[in-house]
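Residues per chain are reported as follows:
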Amino acid sequence: MRGPVSARRVAGGMNARVPKPLLILLLWFAGLGAAAQFAKIAVPFGLFRQTYPELGTELGWLLSLVSLVGAILGIVAGSVVGRFGAKRILVYGLALGALMSFWQALLPSFPSMLISRVIEGTSHLAVVVAAPTLIMQISDRRYVGAAMTLWSTFFGVSFAIVAWGIMPFVGVNGLASLLAGHGAFLLAIGILALVFLPDTKTSRPAPGARYTGILLAHRRAYASPFIAAPGAGWLAYTLTFVSLLALLPERLAQETAAQVAGMMPMASIAVSLLIVPFLLRRAGSVAIIVTGFAISCAMVSLNIFAGLGAGFAIALFAVLGLVQGASFTVTQPP
């Protein structure tokens, strides 16, 4: 008779039977949950104003703190994923994010909410670093480009889902329902990831070298525009994306605000999926990203004299789709 089967062997048997496209889809859903850490604040931003009416511009910290954590700890996250394994970090990140959303659903005091957003920033960083790493490890070589193009849509799709699919429910059941639902979604994806994703290889640095290596990596990254440029570009893209989706709907008529909030990310997704793959056959990723930013800068400069409107915002998001679709193909292996 065979002895007892270890949990590792059971998990290995499970993920061996799961087709790779489904595993990649699972990781994409993890990305949707990570993007919703922004969307759950940005899309219903007016409801947060009502929840904390005594606050003014300080309320913006609920959005910016998550990005700030990523800017400070981004390089550290890559080292941690390499040392402990992408699957483990992904599962930890999803679990931590779920806990923070459940805490936020209690609608605590504003200082407590800010603390939760700082912690949530580490959760977000863990997911957005570990998930694409796993996608590239799982994908067949010839399909890596397609898989990363799908991954690049996670931000826009998540915002569109929250704006079109979830906000009507929130209008009836309240803001706490959105936050608790987000926590439940992250928890479910984390359990599926724990059970079905394969374990990944880890690299153990020499004792005493890990901290020195992290400091040197920061110094090298911030000193080199070639290394820092992709992160700076994605930061500019994210800030534009989140700030417009948070502030523009409040300037529009109530009956059209939700429609426009959903159309903006969908315009970006359409360009990313339909136009960027065609352009990549004729130009490099960097050229496409630079073109997207150049057109966006021109549009923003001209719009100063025209006034912010729904049509401009949708067109701007469509152009930013060039940045969205091409950014993740820069790191694609040759």
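Preceding this section is the structure that the text describes.
The structure displayed is predicted, hence computed values, not measured ones.

S.K.: Can you explain the packing of aromatic side chains? Please cite residues and give values.
M.R.: Applying the stated rule across the entire model yields eleven aromatic pairs. When the ring of Tyr 237 is compared with that of Phe 241, the centres are 5.6 Å apart and the planes differ by 50 degrees; the resulting orientation is tilted. One end of the pair, Tyr 237, and the other, Phe 241, are both in helix H11 (residues 225–247), four residues apart, so they sit about a helical turn from each other. Classification of Tyr 237 by relative accessible area gives buried; the value is 0%. In this structure Phe 241 comes out as buried when scored by relative accessible area, which is 0%. Site record: aromatic cluster; members linked through ring pairs are Phe 38, Trp 151, Phe 154, Phe 155, Phe 159, Tyr 237, Phe 241 and Phe 317.

S.K.: Which residues make up the packing of helix H2 (residues 20–42) against helix H4 (residues 61–84), and what values go with them?
M.R.: Following both chains from N to C, one finds H2 and H4 inclined at 165 degrees, their axes separated by 9 Å at the closest point. By the angle class used here, H2 and H4 are roughly antiparallel. Handedness of the H2/H4 crossing: left-handed. Of the residues in H4, those touching H2 at Phe 38, Ile 41 and Ala 42 are Leu 62, Leu 63, Val 66 and Ser 67. The class makeup of the residues in the contact of H2 with H4 is six nonpolar, one polar and no charged.

S.K.: I'd love a proper account of the nonpolar core, names of residues and values included.
M.R.: In terms of nonpolar packing, the biggest core is built from 87 residues, with Phe 48, Leu 90, Phe 159 and Leu 197 touching the most fellow members. Tallying contributions element by element places H2 first for this core, with 13 residues. Not counting the four nearest positions on each side in its chain, Phe 159 is found in contact with Ala 35, Phe 38, Ala 39, Ala 42, Val 43, Phe 241, Val 242, Leu 245 and Pro 265.

S.K.: Would you mind going over the environment of Gly 262 in detail, with residue names and values included?
M.R.: Summarising the element assignment, Gly 262 is placed in helix H12 (residues 254–280). Between the C-alpha atom of Gly 262 and that of Trp 164, which follows or precedes it by 98 residues, the distance is 5.8 Å. In this structure, Gly 262 is in contact with Ala 160, Ala 163 and Trp 164, ignoring residues within four places of it in sequence.

S.K.: Describe a nonpolar patch on the surface, with residues and values.
M.R.: On the surface, Trp 61, Leu 68, Ile 72 and Leu 73 cluster together into a nonpolar patch covering about 370 Å² of accessible area. Position of Ile 72 relative to the elements: it lies in helix H4.

S.K.: Which residues make up the packing of helix H5 (residues 86–104) against helix H6 (residues 110–138), and what values go with them?
M.R.: With their axes 8 Å apart at the nearest point, H5 and H6 run at an angle of 150 degrees to one another. Comparing their axes, H6 and H5 come out roughly antiparallel. For the pair H5 and H6, the crossing hand works out as left-handed. Here the contact of H5 with H6 is composed, by residue class, of 15 nonpolar, nine polar and three charged.

S.K.: An account of unusual backbone geometry is requested, with residue identities and associated values reported.
M.R.: Of note, Leu 107 is a non-glycine position whose phi angle comes to about 50 degrees, a positive value. Examined against the element boundaries, Leu 107 turns out to sit in the loop between H5 and H6.

S.K.: Report on the side chain of Ser 139, specifying residues and quantitative values.
M.R.: Tracing the chain through its elements places Ser 139 in the loop between H6 and helix H7 (144–151). For Ser 139, a relative accessible area of 10% corresponds to the buried category. Leave out the neighbours within four places in its chain, and Ser 139 touches Ile 24, Val 144 and Ala 147.

S.K.: Give me the pattern of salt bridges: which residues, what numbers.
M.R.: Across all of its chains, the model carries four salt bridges by this definition. Two residues, Lys 20 and Asp 140, come together in a salt bridge whose shortest N-O distance is 2.9 Å. Taken together, the residues Lys 20 in helix H2 and Asp 140 in the loop between H6 and H7 connect sequence positions 120 residues apart. On the basis of relative accessibility, which here comes to 39%, the residue Lys 20 falls in the partly exposed class. Its salt-bridge partner being Glu 120, residue Arg 117 comes within 2.6 Å of it at the nearest N-O pair. Of this pair, Arg 117 and Glu 120 both sit in helix H6, three residues apart, roughly one helical turn.

S.K.: How would you explain the side chain of Ser 158 if you had to name every residue and give the values?
M.R.: Looking at the element boundaries, Ser 158 is found in helix H8 (residues 154–173). Excluding residues within four positions of it along the chain, Ser 158 makes contact with Leu 32, Ala 35, Ala 36 and Ala 39.

S.K.: Which residues make up helix H13 (residues 285–303), and what values do they have?
M.R.: The first and last C-alpha atoms of H13 sit 27 Å apart over 19 residues, in line with the 27 Å expected at 1.5 Å per residue. For H13, the full list of buried residues reads Ser 285, Ile 288, Ile 289, Gly 292, Ser 296, Met 299 and Asn 303. An end-on view of H13 places all buried positions within 100 degrees of arc, on one side of the element. When the buried face of H13 is taken as reference, the exposed residues oriented beyond 90 degrees from it are Val 286 and Leu 302.

S.K.: Tell me about the environment of Asn 303, residues and numbers included.
M.R.: Topologically, Asn 303 is positioned in helix H13. Given the relative accessible area of 13%, Asn 303 is considered buried. Placed ten residues apart in sequence, Asn 303 and Ala 313 show a C-alpha to C-alpha distance of 9.9 Å.

Each value, and the rule that gives it
Residues numbered from 1 in each chain as written. Predicted model: local features only at pLDDT ≥ 70, side-chain atom pairs only at ≥ 80, totals over all residues. Heavy atoms only, no water. Phe/Tyr/Trp six-rings, centres within 6.5 Å; stacked < 30°, edge-to-face > 60°. Helix = DSSP H or I, 4+ residues; strand = E, 2+ residues; numbered from the N terminus. Buried < 20%, exposed > 50% of the residue type's maximum accessible area, 1.4 Å probe, protein only. Axes fitted to C-alpha atoms, helices over the stretch in contact; angles between N-to-C directions. Parallel < 35°, antiparallel > 145°, perpendicular 65-115°, else oblique. Left-handed = near helix turned anticlockwise from the far one by under 90°. Contact = heavy atoms within 4.5 Å. Nonpolar A, V, L, I, M, F, W, Y, C, P; charged D, E, K, R; others polar. Core = buried A, V, L, I, M, F, W, Y, C linked by side-chain atoms within 4.5 Å. Patch = residues over 30% accessible without salt bridge, like charges linked within 9 Å, V, L, I, M, F, W, Y side chains within 5 Å. Areas by Shrake-Rupley, 256 points an atom, 1.4 Å probe, with all protein chains shown as cover. Salt bridge = Lys/Arg side-chain N within 4 Å of Asp/Glu carboxyl O. Expected span 1.5 Å × (residues − 1). Arc of directions from axis to C-beta.

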